[in-house]
Amino acid sequence: MDIAGFKQVKATTNKIALSTAVNNEADVKIVNIVWREEQPNTLYFSSVKDSPALAVYDQDPDVAFITVPNDGTAGNPYMRAQHVQLKRSTLTMQDLLPLYLDTVPNYQKVWDMIGSKLVVFELKLKDVFVDPGLGQGKGTLRF
């Protein structure tokens, strides 16, 4: 699998279901994501600074995710990965805001309400299973 399939699926989504587990308790959250082509092995998401989720992310940064296709996307394209390392980013929401505004519909409303409270996280990708949709070649992309 090459990066073209990854880009194709990424173009159909701006959300992932992010799975964490602490003390044998699983949890899943839907989070908005952005991607920078110059750093292809990294997805970014944000969380509110005082959210209880931050303690979970810090305690066990080994996570899994699957993309959530945008409404109306034909063929059910998706990407998924396990054992992805989550870490706090050196980038800020100011750095990523243009990507969020371009990628996530109505993100300006989110930014206006809680933008100053958001902190950025990175998902460092190693192996990502990519399925561009029904009838198309699927496989694992290794970074």
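In what follows, the structure referred to is the one given above.
As the structure is a computational prediction, the values presented were derived from the model and not from experiment.

Colleague: I tried to follow the environment of E37 on my own but got confused; where do I start?
Modeller: Counting through the fold element by element, E37 comes out in the loop between β3 (34-35) and β4 (42-48). Between the C-alpha atoms of E37 and D58, which are 21 residues apart in sequence, the distance is 26 Å. Here K7 takes part through its side chain, which lies 2.5 Å from a polar atom of the side chain of E37.

Colleague: Would you mind showing me how to read the packing of aromatic side chains here?
Modeller: The way to describe two aromatic rings as a pair is by their centre distance and the angle between their planes. Going through the model one piece at a time under the given rule, you end up with seven aromatic pairs. Taken together, a centroid distance of 6.0 Å and an interplanar angle of 40° make the contact between Y78 and F129 tilted. Of this pair, Y78 sits in strand β6 (residues 78-88) while F129 is found in strand β8 (residues 127-131), placing the two residues 51 residues apart along the sequence. Residue Y78 is classed as buried on the basis of its relative accessible area of 16%. Following the ring pairs from residue to residue traces out a cluster consisting of F6, W35 and F143. In this structure, R80 packs its charged tip against the face of F129, placed 4.6 Å from the ring centre.

Colleague: Before we go on, may I ask you to explain the nonpolar core in this structure?
Modeller: Across soluble globular proteins, you tend to see nonpolar side chains buried next to one another. Counting 36 residues, the largest nonpolar core has L18, F45 and L123 as its most contacted members. Looking at which element gives the most residues to this core, the answer is strand β7 (residues 118-124), with five residues.

Cut-offs applied
Residues numbered from 1 in each chain as written. Predicted model: local features only at pLDDT ≥ 70, side-chain atom pairs only at ≥ 80, totals over all residues. Heavy atoms only, no water. Helix = DSSP H or I, 4+ residues; strand = E, 2+ residues; numbered from the N terminus. Polar contact = N/O pair within 3.5 Å; in protein donor to acceptor, adjacent residues only side chain to side chain. Phe/Tyr/Trp six-rings, centres within 6.5 Å; stacked < 30°, edge-to-face > 60°. Buried < 20%, exposed > 50% of the residue type's maximum accessible area, 1.4 Å probe, protein only. Lys NZ or Arg CZ within 6 Å of the ring centre and 35° of its normal. Core = buried A, V, L, I, M, F, W, Y, C linked by side-chain atoms within 4.5 Å.

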